[in-house]
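Chain residues, written in single-letter form:
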Amino acid sequence: MDTMEWVRGSLDHCVKCTICETFCPVSNVTPLFPGPKYVGPQLERFRTDDGSPDASLDYCSGCGICTTVCPQGVKIAEINSQARAKMKAQRGIPLRDRIIARPSAMGKVGTPLAPIANFFLKNHAFRWLVERTLRVHRKAPMPLFAGRTFQSWARRHPPLTPATKAIVYFHGCSANHFEPRVAQMAVAVLEHNGYRVIVPRQDCCGLPLQSNGLFDDARRYVRKLARNLEPYARRGYDIVATSTSCGLMLKREAREILELEDDEDLRTVSAHMFDICEFLLSLHERGALRTDFRPLDMRVPYHAPCQQQGHGIGKPALELFGLIPGLEVVDSDVACCGVAGTYGLKTEKYDIAMEVGAPLFRQVTAVATEVAACDSETCRWQITRATGIPSVHPVELLYRAYGLS
Amino acid sequence: MSADAVVVGAGLAGLTAGVRLAEAGLRTTLVGKGPGAMHLAPATIDVLGYAPDLVERPAAALPSFVAERPDHPYARLSADTVAASAEWLSAHMPPLAYVGTLEENYLLPTAVGVPKPSAFVPEAMAAGDLRSGSRFAFAGLRALKDFYPALLADNLSQAKLPTGVTVDARAVHLSDPGTEADVSPLGYARMFEDREFRSVVAAELLPRLEPGESVGFPSVLGLHEHRTTWLDLQDRLGRPVFEVPTLPPSVAGIRLFHALRDAFLAAGGRLLIGSTAAGAETKDGVVTHVVIQTAAARPTPIEARWFVLATGGFAEGAIFLDSYGEVHESVFGLAVSGVPAAGEPRFVPRYFDDQPMGRAGIAVDERLRPLDADGNVAFRNLFTAGAALGGAEPWRELSGNGLALASGFAVASAIVEWAS
Amino acid sequence: MATLHTDVLVIGGGSTGVGVARDAAMRGFSTVLVDRGDLATGTTGRFHGLLHSGGRYVVKDPKAAEECIHENVILRRIAADCIEDTGGLFVSTPIDTPEYADRFVEGCRAAGIPVEEIPVAEALRREPRMNPLISRAFTVPDASVDSWKTVWACARSAQAYGSRILPYHEVLDLTVEGGAVRGALVKDRRGGEDVRIDADFVVNASGAWAGRIAAMAGCDATVLPGKGIMIAMNHRLVNTVVNRCEMPADGDIIVPIRTVSVIGTTDQKVADPDDWQIARDEVQKMMDAGENLVPGFRRARALRVWGGVRPLFQDKAEGADTRDVTRAHTLLNHRQRDGVERFLTITGGKFCTFRLMAEDTVDALCAEVGVEHACRTADEPLPDSEPGRYYWLGSRVERREPTLHEDQLICECELVSRRRLEAAMLRRETVDLDDIRRTIRLGMGPCQGGFCIYRATGILHQVEKIPGEAANRSLLDFVQERWKGVQPILYGDQLRQARLDDWIFQGILDVAHLPGGWVGAA
Ligand SMILES: Cc1cc2nc3c(=O)[nH]c(=O)nc-3n(C[C@H](O)[C@H](O)[C@H](O)COP(=O)(O)OP(=O)(O)OC[C@H]3O[C@@H](n4cnc5c(N)ncnc54)[C@H](O)[C@@H]3O)c2cc1C
Ligand SMILES: Cc1cc2nc3c(=O)[nH]c(=O)nc-3n(C[C@H](O)[C@H](O)[C@H](O)COP(=O)(O)OP(=O)(O)OC[C@H]3O[C@@H](n4cnc5c(N)ncnc54)[C@H](O)[C@@H]3O)c2cc1C
Ligand code: SF4
Ligand code: SF4
């Protein structure tokens, strides 16, 4: 591929306008992080393969907002991720980051032991111990194991018949191990619209590994996943994801941050990848979405997470909500809830993450009558943990409005 | 995706067009790679500042200005449109009251102390008007590296002002609380929103002010709660307080951006920030789709009936000059006018001399539709607004926001009229 | 008129001149050095940045190659702080003569330059952006070197040994009495006053201007000015010096230096050494050459272009191509050549041989005045340099990191903090921001001063307590100076930047209407 298009090459487009800085949720709340322009295109000019001595870089949460708003096309967050990976490779990656970066491995261990594992996760003393030993903040949101994975449910789930259309569902680790309900509702909503839902075998997309600087491992995971999904994409099936961050990983992040532009499987998968709301809205625009929604009488704060905004598709969930009678939705204009994947779990970053999310939490508390809606799992857990208000994936509201429960 | 109208560009031109289209009931999608120059520019609506001598009365100056420059975009925009667009803006943005008329330019101090002509200005800047002469104290903030009140005051005392007007200016350096050495304008804007901070600043400043002095601050007086912040400071200091624009980011401009963005969303517009318009599909002299690049490795066409190109000029990259000296418009492949012939220099060695490429941009008909190389309308349903327009050198004329606002306003009128 | 007395007067504050001043001072002579401008504003400040291994010259000019490798080893020892040990590659690109590579290796061996062939795949692993179609690759000990830093370090060392350094002092005439040069008449271009400098000995180290100075004493020295242009690209496209393995040609080397990579250069005979015009076709030639070494080069961001003039000595003024003149240096003893005593001209050579040039010169000077002092410059490191401790690209970041909360960043592109800027302003005793720029790289990054010029002017106004008008002049001169070097390469990203800068200077600040105005304005 053209080397001028590499992530690093994009620093040439920076005109120093500071627009990214005005949006960065982290540098807006803490002086510990000198901001995207500084650690991104600016310092990158001072970096060689020997790495960079700027420890403050590690405060970047990787939320990607800077890249989304940069009018000149600088891949700021991607530059930061690559630089951080090099820095961590030199300084050593903490055990904590190695553990929280492997949700599927955690899931495999935790699922069969769900009751015990969940007991520990809810136990204050245990969380205190984890904080002391691993530096995972004791108050940080941690999901509970569901006990039965979505995969095992899907294997026994009878396919929709008769069906004229089929679609592939990429559920990601979290729906598999922690929130199979979200995945089941997604399947129900798709089936309600006449789709036979194919659930191929799938493992982690490597995103948490990537954001913790474990690039080689991340590449292994994402390539394998792409290899599993590619045959469907090649045959023309669209692939939908409920995890907006993992969907973005397959659409773009792996290609750019992990420098896998030449991976043909990944490119093919990316070309067929849709966020579930993006997909449903496109159905609606073609007149193919069922609109037999029953009224939902509630007021819901909706937060489009930072990774959702990275898709560059606007906020399709909002438009879908607009189809549901009675539903009043208040869009949050807050860019980030703070957690940004695994960032907010870390002891040294927990307070920053909470401060980033504070305006969102205030809004959610003020607006919600019952639930809040948000596309990303870690953000939902963060919102719930911070406000006590249950947070749901947008498909859950569609599911309810379709009367599928 | 589909819409009635697609606007490409989230600057003042694009958002103005977008808000008006959405409010007229058109399903409007606005695609912007990022926010535009509003985040950087002072938020004053400068209609015409130099022609090339200082313009005191823009309404009076415009007719001869366009008569001498038939290719200037103002030659396609009547003075009424310009005035109407400014009126629309101030009526529309209650939190951001604008003051001024097309009849007379304000003279507001810049951060180096040059009296700069502006027609419509945010009310919190108006008290800096130098035309009547006055006594000013300019407040320097300890950790803000983007404002040097001593140099400002020094230059202002020497500035060329209307005959008979004298200005007495001095600097007051504040040692506000805080330990960080380097605080951005936005950082200060947040600090000023805090009552406690304002009271500390006022307490330090008040005893050092002299009777009759107005106080100029760098433009950092609050973001979301700007008006309260400004009025409260004015109260505490018991005298007019005003903002002086300084280096990017522009807090005043961000306020304007927020107001327009919110109005667009409130009117039901679809906003796609972070995606790039990378091309278009056309048929029989009509644009049918704009093709955008989202995160996925596939082009996403947006179908619509009307399209607005508001991608800014060379500054935003949608119109670009390559290393061979060729100019390209990257979304619709439009012809770019005002480019010197091949082999001729694009720029000259002395910065303030007339630059041969200075006025390059999209040439348009009287309805602001782009023209092809032969001077014919390129696409019947494509309109252009803002800094993408050729024929102007807005940074020299000081006409940037005036042009962007009026042309954004005008293309929306043209489309709405067509739609009904 | 003020009068100064000194043992040795050195004319020219480039690398050669400061090298001579330092060497002479270390050997016990009182010395005065004058330059018509600031130090290193002649060819030395307008060069390519390459600490030659000598590889470039092994086939064409073996004598120059030997000098280069000899000095390369010494400079790594005495000026490590000014050198980044990037290493160098010679690669055979598709347009190169394949046979040249073997001659190149032979030449390196003969000149004593360590050379090693590496597999193409390994070369591409090290420099992934390099043309994948290269057929052979060799490593040599090239490096990049900062001439400003070196010159200032030499000057500081010379001062420590008692030299007086007088920038902005132009030699108007030489005093010749009784068949010997006795000193010079000098104009202080800042203070405006003329100064007479009486000297026992005069060394003409004025580079491409050496012929003019020699003529002032009625001596003859033909120096052919050979102009070359270089383009700095916004970031490091390569981290190793990359040379085409071919006879020297236009645009055959990319040097990674500091934050940029510089492609160069051309070689064109010019009549006037002050002719630094950049022609459009020269820029195009560089771009094509860049594409050959790094595909996509034309789409990368060009930051700035400049020209320099080589001092190439030739006994007869003929010869069309200046590339054919030796790059080894020449020492002219005017007693022997012209019958004028106590006057030497040192010219030609390279930046990287400046120490050797100085040694030869001061040896000759000692012989002329009949004293014996040994040269010590090959052993005594320059101030701040320690053998083996090379400059490192990340060093400014490293210095910035612990002061993030205590010090403001004024020039963001080149990481110049406020404290550093203020210290430079006080140390340099100048109100010219361009002098400050060369000392600390203020305004030299991508935005070319768009953000820092206003800040620096505001600080200058405070620190130097100068009137607004003087500050304005400095601001406007700096804006013009920055424009001069970008306008010939304004396209793509750099044009976007220039537009933002236009808006900052003319829109937000409206500097065109500052009191005092722009002196050069039409
Ligand atoms: C630093 C600065 C100072 C200024 N000062 C003044 C002043 O004092 N007075 C004054 O009147 N004016 C000033 N201006 C100018 C004024 O703000 C602009 O001229 C005017 O706002 C132009 O607006 P615009 O909407 O045409 O373009 P812009 O604001 O440049 O917006 C262009 C938009 O297009 C988007 N875009 C570009 N290409 C694509 C693509 N391919 N796909 C999708 N989106 C794309 C960009 O992301 C951006 O959102 C200043 C501008 C700047 C930058
Ligand atoms: C394009 C180009 C690229 C080059 N690249 C390299 C490279 O990569 N590596 C390398 O080793 N070499 C390189 N060189 C060669 C090297 O730069 C020069 O040989 C070296 O810098 C010359 O130094 P100098 O001190 O002799 O001359 P200069 O640096 O030119 O110094 C002469 C000084 O004399 C002063 N002067 C002139 N007239 C008067 C007067 N009347 N009164 C007072 N002072 C006066 C001038 O102001 C000037 O500062 C390059 C040369 C060029 C042209
Ligand atoms: S990275 Fe983009 S948004 Fe940030 S300063 Fe550079 S050009 Fe502006
Ligand atoms: S990725 Fe998010 S936290 Fe990191 S620099 Fe960009 S905006 Fe800031």
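What you see is a predicted model; the values in this text were computed from it and never measured.

1. Remarks on the pattern of salt bridges
All names here are of chain C.
And then number 1: Counted under the stated rule, the structure contains 96 salt bridges over all chains.
And then number 2: Taking the shortest distance from any N to any O, the salt bridge between R189 and E170 comes out at 3.7 Å. Of this pair, R189 sits in the loop between β11 (180–188) and β12 (194–204) while E170 sits in strand β10 (residues 169–177), and the two are 19 residues apart along the sequence.
And then number 3: On the accessibility criterion, R189 (46% relative accessible area) is partly exposed.
And then number 4: Salt bridges here are not isolated pairs; linked through shared partners, they connect D38, R190, R304, R428, D432, D434, D435, R437, R438, E481, R482 and K484.

2. Some remarks on the domain arrangement of chain B
Note on interface size: it is often stated as the accessible area lost on association of the parts.
Residues and elements named next belong to chain B.
And then number 1: The domain boundaries assigned to chain B delineate domain 1 (5–93 + 255–320 + 382–387 + 399–419) and domain 2 (111–244).
And then number 2: Computed from C-alpha coordinates alone, the two centres of domain 1 and domain 2 are separated by 31 Å.
And then number 3: Taken together, the contacts link 14 residues of domain 1 with 16 residues of domain 2.
And then number 4: Counting the surface lost from both domain 1 and domain 2, the interface buries some 1200 Å², and carbon and sulfur atoms represent 61% of this.
And then number 5: When residues of domain 1 are sorted by the area they lose upon contact with domain 2, T44, D46 and R255 head the list and together hold 43% of the total.
And then number 6: Put simply, domain 1 and domain 2 have two salt bridges between them.
And then number 7: Notably, a salt bridge pairs D46 with K116, separated by 3.3 Å at the nearest N-O pair.
And then number 8: Seen at the junction of domain 1 and domain 2, the total is seven residue pairs in polar contact (both at pLDDT 80 or more).

3. So, the sheet that holds strand β6 (residues 327–331) of chain A
Residue and element names in this part refer to chain A.
And then number 1: Ordered in space as β6-β5-β7-β8, the four strands form an open sheet in which the pairing is parallel. Two strands in the sheet have a free side with no partner beyond their single neighbour: β6 and β8 (391–392).
And then number 2: With five bridges connecting them, strand β5 (residues 298–303) and β6 associate as parallel partners. Of the residues in β6, the one forming a bridge with P301 is V330.

4. Observations regarding the site of ligand 1
Residues and elements named next belong to chain B.
And then number 1: By nearness alone, 37 residues border ligand 1, and G34, D46, K116, A387 and N401 come closest of all.
And then number 2: At a separation of 2.9 Å, an oxygen atom of ligand 1 approaches a polar side-chain atom of E316.
And then number 3: The contact in question runs from an oxygen atom of ligand 1 to an N or O atom on the backbone of G400, over 3.4 Å.
And then number 4: Against a free-state accessible area of 1000 Å², the protein chains account for coverage of 97% of ligand 1.
And then number 5: Here the shell around ligand 1 gets five residues from one element, more than from any other, and that element is strand β2 (residues 28–35).

5. Quick look at the interface of chain C and chain A
And then number 1: Listed per partner, the contact involves 40 residues of chain C and 33 residues of chain A.
And then number 2: Carbon and sulfur atoms make up 56% of the area that chain C and chain A hide from each other, which totals about 3000 Å².
And then number 3: Summed over the shared surface of chain C and chain A, the result is two salt bridges.
And then number 4: Put simply, R45 of chain A and E414 of chain C hold a salt bridge, and the shortest N to O gap is 3.4 Å.
And then number 5: Where chain C packs against chain A, one counts 16 residue pairs in polar contact (both at pLDDT 80 or more).
And then number 6: Broken down by class, the residue content of the side of chain C that touches chain A amounts to 19 nonpolar, nine polar and twelve charged.

6. Topic: the pairing of strand β4 (residues 106–109) of chain B
And then number 1: The alternating pattern of β4 of chain B places Y106 and L108 of chain B and L107 and P109 of chain B on opposite faces, both of which are buried.
And then number 2: From the end of β4 of chain B to the start of strand β5 (residues 115–118) of chain B, which pair antiparallel, there are five residues, and G113 of chain B there has a positive phi angle of about 85 degrees.

What counts as what
Chains are numbered independently. Their residues run from 1 in the order of the written sequence. Numbering of ligands from 1 and lettering of chains from A proceed in the order in which they are written. Two thresholds apply to this predicted model, a pLDDT of at least 70 for residue-level local features and 80 or more for giving and counting side-chain atom pairs, whereas whole-chain, interface and lining totals are computed over all residues. Note: side-chain values were computed over all heavy atoms of the structure, leaving out hydrogens and water. The salt bridge definition used is simple: a Lys or Arg side-chain nitrogen within 4 Å of an Asp or Glu carboxyl oxygen. Counting from the N terminus, the helices are DSSP H or I runs at least four residues long and the strands are E runs at least two residues long. Relative accessibility under 20% of the residue-type maximum defines a buried residue, over 50% an exposed one, and the middle range a partly exposed one, all with a 1.4 Å probe and only protein chains included. Note that domain bounds follow an automatic or database assignment of domains. Any pair of residues with heavy atoms lying within 4.5 Å of one another is described as a contacting pair. By buried area we mean how much accessible surface two parts lose on assembly, using a 1.4 Å probe and totalling the loss over both. Here a polar contact is taken to be a pair of N or O atoms separated by no more than 3.5 Å, where protein atoms must pair a possible hydrogen donor with a possible acceptor and residues adjacent in sequence count only if both atoms sit in side chains. Any two strands are treated as partners once DSSP identifies two or more bridges connecting them. Nearness of a residue to a molecule or strand requires only that one of the residue's heavy atoms be within 4 Å of it. In short, Shrake-Rupley with a 1.4 Å probe defines the accessible areas, and a residue's cover is counted only from the protein chains shown. Three categories are distinguished: nonpolar for Ala, Val, Leu, Ile, Met, Phe, Trp, Tyr, Cys and Pro, charged for Asp, Glu, Lys and Arg, and polar for the others, with Gly belonging to the last.

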